[in-house]
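Breakdown of the fold
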2 protein chains.
Amino acid sequence: MPPITRREALKLASAASLTSLAPIAKNVRSTPRWEIFETTFEGPSTGNPFAEVTLTATFTLGHRAVSLEGFYDGAGQYRIRFMPDAEGSWYFTTQSNIPTLNGHTGAFLCTPPTSHGPVGVADTYHFAHADGTPFFPFGTTCYAWVHQPEKLQAETLATLKKSPFNKLRMCVFPKHYEYNHNEPTLFPFAGTPGHFDLTRPNPAFYAHLEQRLAGLRALHIEADLILFHPYDDPARWGFASMPPAADDAYLRYLLARLSCYRNLWWSVANEWDLMHSKKLADFDRFFHLIEQHDPHAHLRSIHHSGPIYDNSHPWVTHASLQVITFEKALEYRNAWHKPVCFDEIQYEGNLNKRWGNVSGDELTRRFWLCLIQGCYATHGETFLPEDATLDEATTPTIWWSHGGDLHGTSPAHIAFLQSLIQSPLTPSPDPYYLNATAFDTTGKPPRQILYFMDFHQPLWYEFPLPEGTYKAEALDIFAHTITPIPGTHSGKSRIRMPVKPYAALRFTRL
Amino acid sequence: MPPITRREALKLASAASLTSLAPIAKNVRSTPRWEIFETTFEGPSTGNPFAEVTLTATFTLGHRAVSLEGFYDGAGQYRIRFMPDAEGSWYFTTQSNIPTLNGHTGAFLCTPPTSHGPVGVADTYHFAHADGTPFFPFGTTCYAWVHQPEKLQAETLATLKKSPFNKLRMCVFPKHYEYNHNEPTLFPFAGTPGHFDLTRPNPAFYAHLEQRLAGLRALHIEADLILFHPYDDPARWGFASMPPAADDAYLRYLLARLSCYRNLWWSVANEWDLMHSKKLADFDRFFHLIEQHDPHAHLRSIHHSGPIYDNSHPWVTHASLQVITFEKALEYRNAWHKPVCFDEIQYEGNLNKRWGNVSGDELTRRFWLCLIQGCYATHGETFLPEDATLDEATTPTIWWSHGGDLHGTSPAHIAFLQSLIQSPLTPSPDPYYLNATAFDTTGKPPRQILYFMDFHQPLWYEFPLPEGTYKAEALDIFAHTITPIPGTHSGKSRIRMPVKPYAALRFTRL
């Protein structure tokens, strides 16, 4: 759809100033709720437009006004993007320090949605799309997939499409690390390795990143976009140690371009505490910049290696943890009163690193332990090919960073777990007595109760069922079978069990 | 051997007073080092001799003197027991408030040992017998075995004999608990259930207990004797809520009778924090009583349920933990600078209790995780028969409490682990990089290095070997096989590994 013309805009603005609550002209363009409205203006291309030109816009719907920043896309093109969150007639006006960009007006009609909308926090500990549809994050991790060859990026999307995963942890900046030694073809700044101009973002880089965000959006996958990370080569790149002014300019440019993507979550940093050139206050400032410059209020978190950032700050929407034991899961929930995502629980694989070589069964077990306590978990996979050389200086294709194919056993087991989660899980009020247990709190009494016994293997167990009569089923978390247990159950129900580890049970209210 | 006669004693005392360093008379009795010297005197049997008669003895060897208490064994018999810890001519004198018990003297010759002696702390974090032989505790648990029918007790000893276990956690008092509802035949006090006289210990009870301690000693098994515990029925017994004077009298009687057994460790209480009629200061006092009245200075610990007793107190010789995750193992060692025994890490079994139904593989894994970090672990087993009724009010025979037979898979796996431990394990200085690792520090450089990968399954791993050349072997912790890895290894050695969980490796210096 072509951008609105200047003449149309002036006409609409004139109409708007008289009857801003009136229905919009019939011939104006329309954008479905939660899709992207974009409009473009011609402006100066000399000097450094990124640094010298200011451009903002105010969008109004009735008495409501939303202000946001536009951005320079190179070649004299200035764009404003907006994701409308309500249906109706939206009007806008631009503000700029450049007369030819200042005072533009326009309008569009926001029509009914074709999607469930962006994801936000719901019911304190959980997530839902803006239309109320619950969202249960089953994330995976491809940190540097947008920096790999195009063919591999396409393969990654194809793999994701057939996977159970609906959230992807991914970095903006390229990754310098063991098994990550290739140079990307696009960089977020103008220039070449060793000679970047941090005052000039590279529009081609962002156009490509947007294409990837749109690709994920088409697959109904949330992009948990990592804005800073420590895996940098100062000699080649230096993106982990830019001066504060460059950090802030980078963030504002990115926010102006990308926040219109409804499938975005902001992950302020990965392993923030390993970014030794930054202080804690820098990350606070990044959160505040995002609060100020993301008019769409996407989810905001920050991921740690050792010390956990204070997730009780009001600007953190949910916890994004790197923790591999789960006995404190309830404490985290109770401390922060927010959703808790165990975003790094080590990866299924065979790497020579303890974080990258747990078995598929163990990763599956960890997913169950997170979910059953009313939290969420994120997958990652780190398999070297069997004939790999014993050398970290190579760059094989490993899902966790490069994308490509999945080789492990856990995705299928995670898909089985995902198929069981139809409403948010609430941990048992008595985790000692009940082993790992969660209630489906759709109704009162709960409609479903899920048990996971971990390596506990009772011969019999007394299940203290809430009010109501329930049917019971034995779940095999690795064979993915659901086997009815004869009879119906109510009250304190003693049930004979198979004596084997990882038994799971589901009770459903009749 | 008959007790020394009064005439002989007087003769010896007379000789001693003249030449206490002189060689002992040839016809005097002898006792090997770390065996029991016992002597008996006739005394009053009227009134309450337990409460009214004091009897102590002082044993001297050269310039050294050891004081201890005697005890009343009923029927007018007063006994003094002593475990000599040094060879040579020992002399003794008695003190009593009863003239006929006062001023007895005697002597015995302590001859070379026939055993390795009692166990004490060695090298800060480990244990050794008094003759320097390392002792690696591989404990198990039969809390109430001495309160079961005689036939079952004999069966328990027969099972222990063919097991890998060399330490037994066991209670003095009977146990009232789920699956523990039978009345013992002997009680530690005179009287009958509901009507015990706490001022009168029951000598028959102690004679029987001594027989059991001797039975364990013959099998080279240390008795980790639990002096107080909360599993009591106040209506029948009340042993968990006696008044302080009764607690102290009980302890002093027990110490006078039993501390001569070289295979004793004092466990002041099991789950002390669940003994709601006692305060923390009561347990401090018990420790002090033991310090004062155990002349043989056996090991002293106390076991918790929730809060851990302050193991940094100088009167605690080692930590006895109930903890089921092991990532703090090194912190415990570093905090207390004492041996750390994970004495309750849940039990292999099929009970309807989370503490009593972990799989044999999981318990084996926990043993490896404890040992590999330079700590120790204790086994327990809680299997109900497959045709058990769904009822906790029964008293089946369950190893953890009653003894009997072992049914699980972990004892064989523990035996394999035990066969590998020939010297104390010291955790790796770099547990992050090295995964779970321990060095055998017999020499410098170490003679052996043991690795346990837990659920980590690297395709290859770089082992940073200390100085020297090593051979490597792959250990299968469940199949109990030791498979040589071709070649020799030194320095930073990259080795291709089988990609499977629970891999273990042993390096041996050539």
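Keep in mind that this is a model prediction, so the values were computed, not measured.

Structural notes on the packing of aromatic side chains
Here the structure, examined in full by the defined rule, presents 100 aromatic pairs over all chains. Relative to Tyr253 of chain A, the ring of Phe50 of chain A has its centre 5.7 Å away and its plane inclined at 70°; by these criteria the two rings are edge-to-face. Within this pair, whereas Phe50 of chain A is found in helix H2 (residues 49–52), its partner Tyr253 of chain A is found in helix H5 (residues 244–258), the two being separated by 203 residues in sequence. Ring geometry for Phe326 of chain A against Phe342 of chain A: centres 5.1 Å apart, planes inclined by 75°, an arrangement best described as edge-to-face. Taken together, the residues Phe326 of chain A in the loop between strand E19 (319–321) and helix H7 (329–336) and Phe342 of chain A in strand E20 (residues 340–342) connect sequence positions 16 residues apart. One residue, Lys175 of chain A, lies across the ring of Tyr231 of chain A, its end atom 5.1 Å from the ring centre. Of note, Lys175 of chain B hangs over the ring of Tyr177 of chain B, and the distance from its end group to the ring centre comes to 4.9 Å.

What to know about the interface of chain B and chain A
Contact residues are listed per partner, giving 42 residues for chain B and 42 residues for chain A. Between chain B and chain A the total buried area reaches about 3400 Å² when both faces are included, carbon and sulfur atoms providing 53% of it. Ranking the residues of chain B by area buried against chain A places Arg354, Leu390 and Trp460 of chain B at the top, with a combined share of 23%. Where chain B meets chain A, there are 20 residue pairs in polar contact (both at pLDDT 80 or more). For the side of chain B that touches chain A, the secondary structure elements donating two or more residues are helix H8 (360–372), helix H11 (431–434), strand E27 (460–464) and strand E30 (492–496) of chain B. When the residues that make up the side of chain B that touches chain A are grouped by side-chain class, the tally is 20 nonpolar, 11 polar and 11 charged.

Let's talk about the UniProt feature "domain: DUF5060" (unreviewed entry) in chain A
The positions UniProt marks with the feature "domain: DUF5060" (unreviewed entry) are residues 32–97 of chain A. Here residues 32–97 of chain A is 6% helix and 56% strand, with 31 Å between the C-alpha atoms at its ends.

So, the side chain of Gln373 of chain B
Within the fold, Gln373 of chain B resides in the loop between H8 and strand E22 (376–378). Discounting residues that sit within four places of it in the chain, Gln373 of chain B has contacts with Phe326, Ala329, Leu330, Arg333 and Pro427 of chain B.

Points about the domain arrangement of chain A
Residue and element names in this part refer to chain A. Domain annotation for chain A reports domain 1 (6–111), domain 2 (136–389) and domain 3 (428–509). Of note, the centres of domain 1 and domain 2, computed from C-alpha atoms alone, are 31 Å apart. Taken together, the contacts link 19 residues of domain 1 with 17 residues of domain 2. In this assembly, domain 1 packs against domain 2 so that about 1600 Å² is buried in total across both faces, 54% of it on carbon and sulfur atoms. In this structure, the connection of domain 1 to domain 2 is made through 4 salt bridges. Taken together, the links from domain 1 to domain 2 amount to 10 residue pairs in polar contact (both at pLDDT 80 or more). Looking at the side of domain 1 that touches domain 2, the elements with two or more residues in it are H2, strand E4 (64–69), strand E5 (71–72) and strand E6 (77–82). In terms of residues, the side of domain 1 that touches domain 2 owes the most to one element, E4, which gives 4 residues. For the side of domain 1 that touches domain 2, the class distribution of residues is 10 nonpolar, 5 polar and 4 charged.

What counts, and where the lines are drawn
- Residues numbered from 1 in each chain as written.
- Chains lettered and ligands numbered in written order.
- Predicted model: local features only at pLDDT ≥ 70, side-chain atom pairs only at ≥ 80, totals over all residues.
- Heavy atoms only, no water.
- Phe/Tyr/Trp six-rings, centres within 6.5 Å; stacked < 30°, edge-to-face > 60°.
- Helix = DSSP H or I, 4+ residues; strand = E, 2+ residues; numbered from the N terminus.
- Lys NZ or Arg CZ within 6 Å of the ring centre and 35° of its normal.
- Contact = heavy atoms within 4.5 Å.
- Buried area = accessible area lost by both parts, 1.4 Å probe.
- Polar contact = N/O pair within 3.5 Å; in protein donor to acceptor, adjacent residues only side chain to side chain.
- Nonpolar A, V, L, I, M, F, W, Y, C, P; charged D, E, K, R; others polar.
- UniProt positions renumbered as here; feature names shortened; annotations may be inferred.
- Domains from an automatic or database assignment.
- Salt bridge = Lys/Arg side-chain N within 4 Å of Asp/Glu carboxyl O.

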